[in-house]
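So you can see what is in the structure, the chains are spelled out below.
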Amino acid sequence: MNLQIQHLLGLEGVSREDITLILDTADEFYGVLQRDIKVVPTLRGKTVVNLFYENSTRTKISFELAEKRLSASPLNFSVSTSSVNKGESLRDTIQNIEAMKIDMVVVRHPCAGAPYFLTQCTGAVIVNAGDGLHEHPTQALLDMMTIRQKLGRLDGLKVAIIGDIFHSRVARSNAWGMKAMGMNVTLCGPPTLLPQHTDSLGVPVTDNIDEALDGADVVMLLRVQLERQSSAVFPSEHEYRERYGFDLERLSRMKKEVVIMHPGPINRGVELASNVADSENSVILDQVTNGVAVRMAALYLLGGGGSEAVR
Ligand code: CP
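Below: a short report on this structure. In this text, all values refer to a predicted model and were calculated from it rather than measured experimentally.

1. Regarding the overall build of the protein
Move 1: Helix and strand content of the protein: eleven helices and nine strands.
Move 2: For 311 residues, the compact-globule formula gives about 19 Å, and the C-alpha radius of gyration of the protein, at 19 Å, lands near that figure.
Move 3: By principal-axis analysis of the C-alpha atoms, the protein measures approximately 55 × 45 × 35 Å.
Move 4: Here the protein holds 311 residues, and 54% of them are scored as buried.
Move 5: A sequence separation of at least 24 residues applies to 75% of the contacts in the protein between residues at least 6 apart.
Move 6: Accessible area for the protein stands at about 13500 Å²; split by element, carbon and sulfur atoms hold 48% of it.
Move 7: Separation between the mean location of the 31 positive side-chain charges and that of the 37 negative ones in the protein comes to 5 Å.

Now the structure itself:
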């Protein structure tokens, strides 16, 4: 089986079949990553450029690891030491890189739509590693892989995503992806951190945390993204923690096997208490582990591989 999509720009409009194929392939690569030798030859000879215009720890390292474990040649583009600092445009940057014969581009950019723009000016396969407030599809895929690993299914599960929804590309990708997989997602945050137009997300949005948490199988906390805000959107950290922070008291009211997630980086003691982040219910480091397998699966399938991923 092959993917219907040619690029991974987001999960809006991506079919349940494509998401399932990526998750099933990621499970196979997860098996590879448990071996002593964690490398397969499937993308030997392909060159993948990692074009990060924004900071990243997890996404950047896991894409590079995924490329190395697929035997591709990763090329890391550092904006701070590049000619972007001399004013070179995104179009000229990518066309000059493409002239050196590359195959795939992983891009993180502060502007929503930058990955789509790249599909219009290059012939390379484009993978979105986070574009502005728009989408972060591989994060949502690794989140779904982790939930399926822990709870054995996705269909019918209730997920509460709590925090700074307005600035969260993770929330958007999860809303679209999880809905396609038959999950029931509720987005929740302070009224000032909720998007105004939520119809296109197709999931309920509320500022009432008790309503969002009621009966949830999965609780995903999101960081308040202070770096994307120009004015204060809640009175104090203390007030945010009191009203929307997830602590042991809130955990005690959930199902015993509830899964606690966070895409990272965590503001410990603000949206998530440290002792909950490190509790048995937390799968935060499993999410990071699974990020490598999911990114291997996406690169492998977009690079032309079928469902026989592991050799
Ligand atoms: N989850 C995530 O995107 O983390 P980074 O910003 O560190 O890549």
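2. Quick notes on the sheet that holds strand β9 (residues 259-261)
The strands making up a sheet associate through backbone hydrogen bonding, with each pair oriented either parallel or antiparallel.
Move 1: Spatial strand order, β7-β6-β5-β8-β9: five strands in an open sheet with parallel pairing. Sheet topology places β7 (205-206) and β9 at the edges, where each strand pairs with a single neighbour.
Move 2: With two bridges connecting them, strand β6 (residues 184-188) and β7 associate as parallel partners. Note that in β7 the partner of Cys188 across the bridge is Thr206.

3. Section: the packing of aromatic side chains
Move 1: Per the stated rule, a full pass over the model turns up three aromatic pairs.
Move 2: A ring pair is formed by Tyr240 and Tyr244, whose centres lie 5.9 Å apart and whose planes are at 35 degrees; its orientation type is tilted. With Tyr240 and Tyr244 both in helix α8 (residues 237-244) and four residues apart, the pair spans about one turn of that helix. There is no split in this pair, since Tyr240 and Tyr244 are both buried.

Reading guide: rules and limits
Residues numbered from 1 in each chain as written. Predicted model: local features only at pLDDT ≥ 70, side-chain atom pairs only at ≥ 80, totals over all residues. Heavy atoms only, no water. Helix = DSSP H or I, 4+ residues; strand = E, 2+ residues; numbered from the N terminus. Rg over C-alpha atoms; globule rule 2.2 N^0.38 Å. Buried < 20%, exposed > 50% of the residue type's maximum accessible area, 1.4 Å probe, protein only. Contact = heavy atoms within 4.5 Å. Areas by Shrake-Rupley, 256 points an atom, 1.4 Å probe, with all protein chains shown as cover. Lys, Arg positive; Asp, Glu negative; His and termini not counted. Charge placed at Lys NZ, Arg CZ, Asp CG, Glu CD. Pairing = 2+ DSSP bridges. Phe/Tyr/Trp six-rings, centres within 6.5 Å; stacked < 30°, edge-to-face > 60°.

Keep in mind these values describe shape, not function.
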